[in-house]
Amino acid sequence: GAGVSQTPSNKVTEKGKYVELRCDPISGHTALYWYRQSLGQGPEFLIYFQGTGAADDSGLPNDRFFAVRPEGSVSTLKIQRTERGDSAVYLCASSVRGGYTDTQYFGPGTRLTVL
Amino acid sequence: GNSVTQMEGPVTLSEEAFLTINCTYTATGYPSLFWYVQYPGEGLQLLLKATKADDKGSNKGFEATYRKETTSFHLEKGSVQVSDSAVYFCALSDESNGNKLVFGAGTILRVKS
C-alpha cells in the first residue's frame, strides 16, 4: 500500500515569508507526528496528533509554528515569518494507534531552505 | 528527561567485517527501543525494534537485544555488505513521555569493498 507522502519535497523561501508543508499519512493511521531534522543530527519531535486533535505540541519551538489536521487524515505544518534557522528537513510519520510500542512510518521529508 | 546516546561515527569497515554500533538510553518509564536506517537519498525506515526487556529485534541480518540492566540496545551484524552503508539511528518511545520518538544523533556506517 501507499506509504506516507509529503509535499513539496523541496521548498526554498525568503526570510520572513510564510510556508505550508503537507503530510498525507498511511490510510487508517490515527496517529501523526511531525519531526525536524537538522544536518548531522537525529530527528527532533515537533507535534503529535491523535485523530484531529494535537495531543502533544511540546516540541514546537515558538508560536511561529502551527500545525493542523482538520479531518484526521492530511496534516499541514505552517511556519510564519520564516527565519534562516528554520532551514531543515521536516519529517512526517504516522502509526496505527500512537502507542509507544507502535512503529512510526516516515515520509521522505520536505527540505526547507530559508534564504 | 528521556535521551539516547549512540557511538559517534563515521564507522568504516571492510566488507564481511563484524559490526557493532553502541546505543544506550535514559528513560523515566519502560520504553520501546528502535533502530531506524537512512540509506543515501532515501527516507527513514524501521530496521528493527524491541518492546520489552530481553527481547531481541532482528531484520536483514541485523540484531539488537533490549538490555534493561545496562540500559542498552546495541546493533550488531555478523558480516556487513557495501549495501549496508547508511546512517543508523537508535530511538526510544516511552508512554510516560507521550509516545514520541527520541532519537540519537545517528552513526554513519561506510562499508568498503
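Up top is the structure these notes are about.
Residues numbered from 1 in each chain as written. Chains lettered and ligands numbered in written order. Predicted model: local features only at pLDDT ≥ 70, side-chain atom pairs only at ≥ 80, totals over all residues. Heavy atoms only, no water.

Trainee: Would you mind going over the pairing of strand β3 (residues 19-24) of chain A with me for this structure?
Mentor: On a regular strand, each side chain points to the face opposite its neighbour's, so the side chains alternate between the two faces of the sheet. Residue and element names in this part refer to chain A. Only one face of β3 is buried, namely the one carrying Val19, Leu21 and Cys23, since none of Glu20, Arg22 and Asp24 on the opposite face is buried. By the bridge criterion, 5 bridges tie β3 to strand β8 (residues 75-79) in an arrangement that is antiparallel. Residue pairing for β8: Leu21 is matched across the bridge by Leu77. (Buried < 20%, exposed > 50% of the residue type's maximum accessible area, 1.4 Å probe, protein only. Helix = DSSP H or I, 4+ residues; strand = E, 2+ residues; numbered from the N terminus. Pairing = 2+ DSSP bridges.)

Trainee: Would you mind showing me how to read the interface of chain A and chain B here?
Mentor: Between chain A and chain B, the residue contacts involve 20 residues of the former and 22 residues of the latter. Here chain A and chain B share an interface that buries about 1600 Å² over both sides, 54% of which is from carbon and sulfur atoms. Scanning the region where chain A abuts chain B turns up 1 salt bridge. Going through the elements one at a time, β4 (31-37) and β5 (44-50) of chain A are the ones with two or more residues in the side of chain A that touches chain B. Counting residues per element, the side of chain A that touches chain B draws most heavily on β4(A), at 3 residues. Residue classes in the side of chain A that touches chain B are distributed as 8 nonpolar, 10 polar and 2 charged. (Contact = heavy atoms within 4.5 Å. Buried area = accessible area lost by both parts, 1.4 Å probe. Salt bridge = Lys/Arg side-chain N within 4 Å of Asp/Glu carboxyl O. Nonpolar A, V, L, I, M, F, W, Y, C, P; charged D, E, K, R; others polar.)

Trainee: I tried to follow the sheet that holds strand β7 (residues 65-68) of chain A on my own but got confused; where do I start?
Mentor: Through backbone hydrogen bonds, the strands of a sheet pair up, either in parallel or in antiparallel fashion. All names here are of chain A. Pairing within the open sheet is antiparallel, and its 4 strands lie in the order β1-β3-β8-β7. Each of the sheet's edge strands pairs with one partner strand only, and the pair in question is β1 (5-7) and β7. Taking the axes of each pair of neighbouring strands and ignoring which way they run, one obtains an average angle of 15 degrees across the sheet. (Axes fitted to C-alpha atoms, helices over the stretch in contact; angles between N-to-C directions.)

The values reported here are purely geometric and, on their own, carry no functional implication.
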